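A look at the structure
One-letter residues, chain by chain:
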Amino acid sequence: MRTSPSIAPNGLERDVYLVLDDFGPLGRAWRETDEAGTNRATLVRNLLEGQYENPVRIIAFNTAEGWSRDVTLDIADELRRRLVEYGEISESAKQFLEANRR
């Protein structure tokens, strides 16, 4: 049986996180980021620091393992746990947490 080539460059075998950002009247877009910036730790730090305008959805996928899922609520929960470390957080992070309560 023939298999398709991996869409992950150089055999990237880890979880990748992408953010859907809302730019108001300009619409929504999946934020472009370099490969190094797609890990969970960088995503959480970028959210807390306000690197996103208005994050509305976060997805994670792992092509090597063959899965993808919406992790928006999981990331919001992690941000809440890490608030103590950061003290001050961005306004966009506050709005994200408010919009994503369980």
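Remember, predicted model here, so these are calculated numbers, not experimental data. Per-chain numbering applies: the sequence of each chain, read as written, is numbered from 1 onward. Restriction of local features to residues with pLDDT of at least 70 applies here, the model being predicted, together with a cutoff of 80 or more for giving and counting side-chain atom pairs; totals for whole chains, interfaces and linings are based on all residues. In computing side-chain properties, one takes all heavy atoms of the structure into account and sets aside hydrogens as well as water.

A score between 0 and 100, pLDDT records how confident the predictor is in each residue. On average, residues of the protein chain score 89 in pLDDT, and 88% of them are at 70 or above. In the model of the protein chain, helix H2 (residues 72-86) stands out as the element of lowest mean pLDDT, 91, in contrast to strand S4 (residues 67-70), which has the highest, 98. Helix numbering and strand numbering both begin at the N terminus, where a helix is a DSSP run of H or I of at least 4 residues and a strand a DSSP run of E of at least 2.

Opposite charge on two side chains permits pairing when their charged atoms draw close. Any carboxyl oxygen of Asp or Glu that lies within 4 Å of a side-chain nitrogen of Lys or Arg is treated as forming a salt bridge with it. Applying the stated criterion to the full structure yields eight salt bridges. One salt bridge in this structure joins Arg57 and Asp70, with 3.1 Å as the shortest N-O distance. Residue Arg57 is located in strand S3 (residues 55-62), and its partner Asp70 is located in strand S4; the two are separated by 13 residues in the primary sequence. The salt bridge involving Glu85 is made with Arg82; its shortest N-O contact spans 3.7 Å. Here the residue Glu85 and the residue Arg82 both occupy positions in helix H2, the gap between them amounting to three residues, near one helical turn. Put simply, Arg40, Glu78, Arg82 and Glu85 are held in one network by salt bridges that share partners.

We now examine helix H1 (residues 40-49). Whether a residue is buried, partly exposed or exposed follows from its accessible area with a 1.4 Å probe, protein chains only, as a fraction of its type maximum: under 20%, in between, or over 50%, in that order. Taken residue by residue, H1 has Thr42, Leu43, Val44, Asn46, Leu47 and Leu48 as its buried positions. Contacts between residues were defined by any pair of non-hydrogen atoms, one from each residue, lying within 4.5 Å. Where H1 is buried, its residues meet strand S1 (16-22), S3, H2 and helix H3 (91-99). In protein, a polar contact requires one atom able to donate a hydrogen and another able to accept it; more generally it is a pair of N or O atoms within 3.5 Å, and residues adjacent in sequence count only if both atoms are side-chain atoms. Its side-chain oxygen placed 3.2 Å from the backbone nitrogen of Ala41, Asn39 serves as the N-cap of H1. Downstream of H1 by a residue or two, Gly50 has a phi angle that is positive, lying close to 85°.

Read from one edge to the other, the open sheet built from four strands follows the order S2-S1-S3-S4, with strand pairing classed as antiparallel. Lying at the two open borders of the sheet, with one neighbouring strand each, are strand S2 (28-30) and S4. The sheet shows a mean angle of 20° between the axes of neighbouring strands, direction not considered. Here, strands pair whenever DSSP counts at least two bridges between them. Orientation is described by axes fitted as lines to C-alpha atoms, over the contacting stretch for helices, and by angles from 0 to 180 degrees between their N-to-C directions.

Let us now look at H3. Here H3 has its buried residues at Ser92, Ala93, Phe96 and Leu97. Each buried residue of H3 lies within a common arc of 140° when the element is viewed along its axis, so the set occupies one face. Along H3, the residues that are exposed and aim more than 90 degrees away from the buried face are Glu98 and Ala99. Close packing links the buried residues of H3 with H1, S3 and H2. By definition, the arc is the one covered by directions from the helix axis to the C-beta atoms.

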